[in-house]
Amino acid sequence: MSSPATGAATLAPRRSSRFVAWVRAWRAGLVPFDEVADAVAGDEEHLVADAPGTWTDVSLREALPSLAKHSPDDIRLVLPAPGDPRGLPGPGAFAGAALVAGEAVVASGMGLVPEVRTHTSGSGMIWETVLWRVHPLPADAPKASLATPGAAEAEAELAAVLAETTATLTRLDVAQWRPELAGALAALRRPDGATDLPPGFDPRARRLFARAAVLDRVLALAGESAPGGAVNTYEAQQRDAALRPLTTACRQALVAACNAPLRL
């Protein structure tokens, strides 16, 4: 039986990171078009709203040709957060939606933000669909690469912050109130090949993405209240303060990995 930590570590990475990685590889001629939509969506249903040349929501496969004229470097991942809008083109509807979602895709002339919609059938079955909403962007919108570190810098920063955060959480006795988090952080020190990028990314970008994608899910777990736990407000504040630098480093690492130059 897998532990909660294992479950957190094997959940899929952010939808925008999969979108950017696979669409960039397609535009570089490294993966066929027929594989892209399935790789991005996985087991989910993905639709696109307001895609150029469409009048209603269409499937992801039907919308992807709108990116056919973009080069790989025109398609970038952004993972903004309150107080850290790096990569966004400035105030507007796209920036607001991206900040709410915590993720988005920037392409020349457009931005895409995933919205998760929950549906309930008449019999009570619950399922989700992902709607990518397209926002027009100004032609001079800045590229995310201008505001984010490269893969080498991001990897070094993530390693340093992870070591410091792990030590801090140990001092806070995190195992007492969130044992699966302590185990998941320890597991990050071992190589992980379960999360990978498509062809074209170099070994450093692959290694960085694999670690950061797992860590991203661990941090989502850490932000939740422990079931049946007795964490008071002060302890929660200590936890949040300890995890904040790691959360920032993790976002930067995912962006650097997905936006890394491709080997054609």
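If you're wondering where the values come from, they're calculated on a predicted model, not measured in any experiment. (Residues numbered from 1 in each chain as written. Predicted model: local features only at pLDDT ≥ 70, side-chain atom pairs only at ≥ 80, totals over all residues. Heavy atoms only, no water.)

Caption draft 1: Fine view of the overall build of the protein chain. The secondary structure content of the protein chain amounts to 10 helices and 6 strands. Residues classed as buried in the protein chain amount to 46% of the 264 residues present. Residue pairs at least 24 apart in sequence account for 68% of intrachain contacts in the protein chain once pairs closer than 6 positions are excluded. (Helix = DSSP H or I, 4+ residues; strand = E, 2+ residues; numbered from the N terminus. Buried < 20%, exposed > 50% of the residue type's maximum accessible area, 1.4 Å probe, protein only. Contact = heavy atoms within 4.5 Å.)

Caption draft 2: How the structure looks around the pairing of strand 1 (residues 45-49). Note that strand 1 and strand 6 (residues 126-136) share 5 bridges and pair parallel. When the sheet's bridge partners are listed, alanine 49 is paired in strand 6 with arginine 133. Inspection of the sheet shows strand 1 paired to strand 2 (residues 58-59) by 2 bridges, in the antiparallel sense. Paired with leucine 47 across the two strands is serine 59, which belongs to strand 2. (Pairing = 2+ DSSP bridges.)

Caption draft 3: Broad picture of the packing of aromatic side chains. Applying the stated criterion across every chain, the model contains 2 aromatic pairs. With a centroid separation of 4.7 Å and 45 degrees between ring planes, the pair formed by phenylalanine 19 and tryptophan 132 is classed as tilted. Within this pair, whereas phenylalanine 19 is found in helix 2 (residues 15-27), its partner tryptophan 132 is found in strand 6, the two being separated by 113 residues in sequence. Residue classification places phenylalanine 19 among the buried positions, given a relative accessible area of 1%. (Phe/Tyr/Trp six-rings, centres within 6.5 Å; stacked < 30°, edge-to-face > 60°.)

Caption draft 4: The side chain of aspartate 216, seen in detail. Of note, aspartate 216 is situated in helix 9 (residues 203-222). Here the side chain of aspartate 216 touches arginine 14 through a polar contact of 2.8 Å, side chain to side chain. (Polar contact = N/O pair within 3.5 Å; in protein donor to acceptor, adjacent residues only side chain to side chain.)

Caption draft 5: The arrangement of the nonpolar core in detail. In this structure, Phe19 and Leu64 are the most contacted members of the largest nonpolar core, which totals 56 residues. Those residues in contact with phenylalanine 19 that lie beyond four places of it in its chain are Val40, Leu60, Leu64, Leu67, Val105, Leu112 and Trp132. Counting residues in each nonpolar core, the second largest holds 9 residues, with Val78, Val106, Val113 and Leu137 among its members. (Core = buried A, V, L, I, M, F, W, Y, C linked by side-chain atoms within 4.5 Å.)

Caption draft 6: Just the pattern of salt bridges, in detail. For the structure on display, the rule yields 15 salt bridges. Among the salt bridges present, the one from arginine 14 reaches aspartate 216, with a minimum N-O distance of 2.8 Å. Highlighted residues: arginine 14 in the loop between helix 1 (4-10) and helix 2 and aspartate 216 in helix 9, separated in sequence by 202 residues. Of the two residues examined, arginine 14 and aspartate 216, each falls in the buried class. (Salt bridge = Lys/Arg side-chain N within 4 Å of Asp/Glu carboxyl O.)

Caption draft 7: A look at helix 3 (residues 33-41). Within helix 3 the residues assigned to the buried category are Val36, Ala37, Val40 and Ala41. Buried residues of helix 3, seen end-on, are gathered within an arc of 105 degrees and therefore sit on one face of the element. Across from the buried face of helix 3, at angles greater than 90 degrees, the exposed residues are Asp34 and Asp38. (Arc of directions from axis to C-beta.)

Caption draft 8: Representation of the packing of helix 2 against helix 3 within the structure. Helix 3 packs onto helix 2 with a crossing angle of 170 degrees between their chain directions and a minimal axis gap of 9 Å. Taken together, the axes of helix 2 and helix 3 are roughly antiparallel relative to one another. Across the interface between the two elements, Arg18, Phe19, Trp22, Val23 and Trp26 of helix 2 pack against Phe33, Glu35, Val36, Ala39, Val40 and Ala41 of helix 3. Grouping the constituent residues of the contact of helix 2 with helix 3 by class yields 9 nonpolar, no polar and 2 charged. (Axes fitted to C-alpha atoms, helices over the stretch in contact; angles between N-to-C directions. Parallel < 35°, antiparallel > 145°, perpendicular 65-115°, else oblique. Nonpolar A, V, L, I, M, F, W, Y, C, P; charged D, E, K, R; others polar.)

Caption draft 9: Spotlight on unusual backbone geometry. Of note in the backbone geometry, aspartate 50 takes a positive phi value of approximately 65 degrees without being a glycine. Structurally, the position occupied by aspartate 50 is in the loop between strand 1 and strand 2.

Caption draft 10: Fine view of the pairing of strand 4 (residues 104-107). Judged by which residues are buried, strand 4 turns out to be covered on both faces: Ala104 and Val106 on one side and Val105 and Ala107 on the other are all buried. Where strand 3 (residues 76-78) lies against strand 4, 3 bridges are found, and the strand directions are antiparallel. When the sheet's bridge partners are listed, arginine 76 is paired in strand 4 with valine 106. Note: strand 4 against strand 5 (residues 110-120), 3 bridges, orientation antiparallel. The partner of valine 105 across the bridge, within strand 5, is leucine 112. Between strand 4 and the antiparallel strand that follows it, strand 5, lie 2 residues; glycine 109 among them carries a positive phi value of about 85 degrees.

Caption draft 11: Examining helix 2 more closely. Taking 1.5 Å of rise per residue, 13 residues should cover 18 Å, and helix 2 covers 18 Å from first to last C-alpha, within 8% of that figure. A large share of helix 2 lies buried, amounting to 12 of its 13 residues. Along helix 2, the residues that are buried comprise Arg15, Ser16, Ser17, Arg18, Phe19, Val20, Ala21, Trp22, Val23, Arg24, Ala25 and Trp26. In the segment just after helix 2, glycine 29 is the residue with positive phi, at about 80 degrees. (Expected span 1.5 Å × (residues − 1).)

Take it as geometry only, folks, not as evidence of what the structure does.
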